[in-house]
Amino acid sequence: MLVAKAHERVANARNDFQHKLSRRLVDENQAICVETLKVSNMLKNRRLAKPIADAAWGGLVRKLDYKATWEGKHLVRIDPWYPSTKTCCHCASKMASLPLSARQWTCPTCGAGHDRDINAALNIKQQGILQLKAEGLSVSACGGMHKTGTLPAAACEARSPVL
Ligand SMILES: [Zn+2]
């Protein structure tokens, strides 16, 4: 009974957090780019933490989706096979592999130092902007509203531990 109550409280807190975060992201940005999940990897993974994190991510994306639709904004889904983590956001060269333990890495091509998650988020944002441009929409790469009519974009990265 206590365990069930604790689970309910965690679920409610997470739901509340997701509502606040999605509201803020949609309010502050014209476009939000998200990486969709690699479904085959999810099915292979038998540990508990990953499915819970994936369910949380799905919950946040659903909230972003309907809030963005209400506000006439854009939720851009990035192909899960796009190598957002292994690609250098400075020079676009791709690493053959990058172990999960590597939270920081240096690009062997251009020498840029990266935080794993920030690099991936920047790549996802850039991909999202390209997708929007392909649909004929103009979005600024560096956030903030511009007088020229271009609009800011935010990127969310699927491996966020706070969810
Ligand atoms: Zn590089």
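The residue numbering used here restarts from 1 in each chain and proceeds along that chain's sequence as written. Where local features are concerned, this predicted model is filtered to residues with pLDDT of at least 70; where side-chain atom pairs are given and counted, the filter is 80 or more; whole-chain, interface and lining totals use all residues. With hydrogens and water set aside, each side-chain value is computed from the structure's full complement of heavy atoms.

Sorry if this is basic, but what is going on with the overall build of the protein here?
When its secondary structure is counted, the protein shows 4 helices and 5 strands. Scanning the protein from its N terminus toward the C terminus, one meets helices and strands in the order α-β-α-α-β-β-β-α-β. Only protein chains enter the accessibility calculation, which uses a 1.4 Å probe; a residue is then buried when its area is under 20% of its type maximum, exposed when over 50%, and partly exposed in between. Across the 163 residues in the protein, those meeting the buried criterion constitute 37%. Pairs of residues are marked as contacts when any of their non-hydrogen atoms sit within 4.5 Å. Intrachain contacts of the protein at a sequence separation of at least 6 include 62% that bridge at least 24 residues. Helix and strand assignments come from DSSP, with helices taken as H or I runs of at least 4 residues and strands as E runs of at least 2, each series counted from the N terminus.

Got a minute to help me understand the coordination of the zinc ion in this structure?
When a metal holds four donors in a tetrahedron, each ideal angle between them is 109.5 degrees; when it holds six in an octahedron, the ideal angles are 90 or 180 degrees. Of the protein atoms, only C88 (SG), C91 (SG), C107 (SG) and C110 (SG) coordinate the zinc ion, at distances of 2.3 Å. In this listing, donors mean N, O and S atoms no farther than 2.8 Å from the metal, or 3.2 Å for Na, K and Ca; water is missing from the atoms, so a site can look incomplete. Geometry is assigned from donor-metal-donor angles: four donors are tetrahedral when every angle falls between 85 and 135 degrees, four are square planar and six octahedral when opposite donors sit over 155 degrees apart with all other angles between 65 and 115, and any other arrangement is irregular. If you look at the zinc ion, its 4 donor atoms make angles of 106 to 112 degrees with each other, and the shape they trace is tetrahedral. Mapped onto the sequence, the residues coordinating the zinc ion show the spacing C-x2-C-x15-C-x2-C. Placement of the pair is C91 in the loop between β2 (74-78) and β3 (104-106) and C107 in the loop between β3 and β4 (113-115), with a sequence separation of 16 residues. A residue is classified by how much of its surface remains accessible, and C91, at 32% relative accessible area, is partly exposed. By relative accessible area, which is 2% here, C107 ends up buried.

For this particular structure, what's the right way to read unusual backbone geometry?
In most cases, non-glycine residues show a negative phi, while peptide bonds are predominantly trans. With a phi angle near 70 degrees, A92 is a residue other than glycine that sits in the positive phi range. As for its placement among the helices and strands, A92 is situated in the loop between β2 and β3.

What exactly am I supposed to notice about helix α3 (residues 49-71) here?
Working note: α-helix, 3.6 residues per turn, so residues spaced by three or four point in the same direction. With 23 residues, α3 ought to run about 33 Å at 1.5 Å a step, and its terminal C-alpha atoms sit 33 Å apart, in line with that. Taken residue by residue, α3 has D54, A56, W57, G58, G59, L60, V61, K63, L64, K67 and A68 as its buried positions. Of the residues flanking the end of α3, it is G72, one or two places downstream, whose phi is positive at about 70 degrees. One fewer than the residue count of a helix, multiplied by 1.5 Å, yields its expected span.

Which parts of the structure should I look at to understand the pattern of salt bridges?
Where charged atoms of side chains with opposite charge meet at close range, the side chains can pair. By convention in these notes, a salt bridge is any Lys or Arg side-chain nitrogen within 4 Å of a carboxyl oxygen on Asp or Glu. All told, the structure shown has 6 salt bridges when counted by the stated rule. Across the salt bridge formed by R23 and D27, the nearest N and O atoms sit 3.0 Å from each other. With R23 and D27 both in helix α1 (residues 2-28) and 4 residues apart, this pair spans about one turn of that helix. Residue class for D27 comes out partly exposed when judged on its relative accessible area of 44%. What you see here is one network of salt bridges that share partners, running through R23, D27 and E71.

Teacher, can you tell me more about the environment of Q104 here?
Among the structural elements, Q104 can be located in strand β3. For the pair formed by Q104 and I118, sequence separation is 14 residues and the distance between their alpha carbons is 9.8 Å. Residue contacts for Q104: discarding those within four places in its chain leaves H114 and D115.

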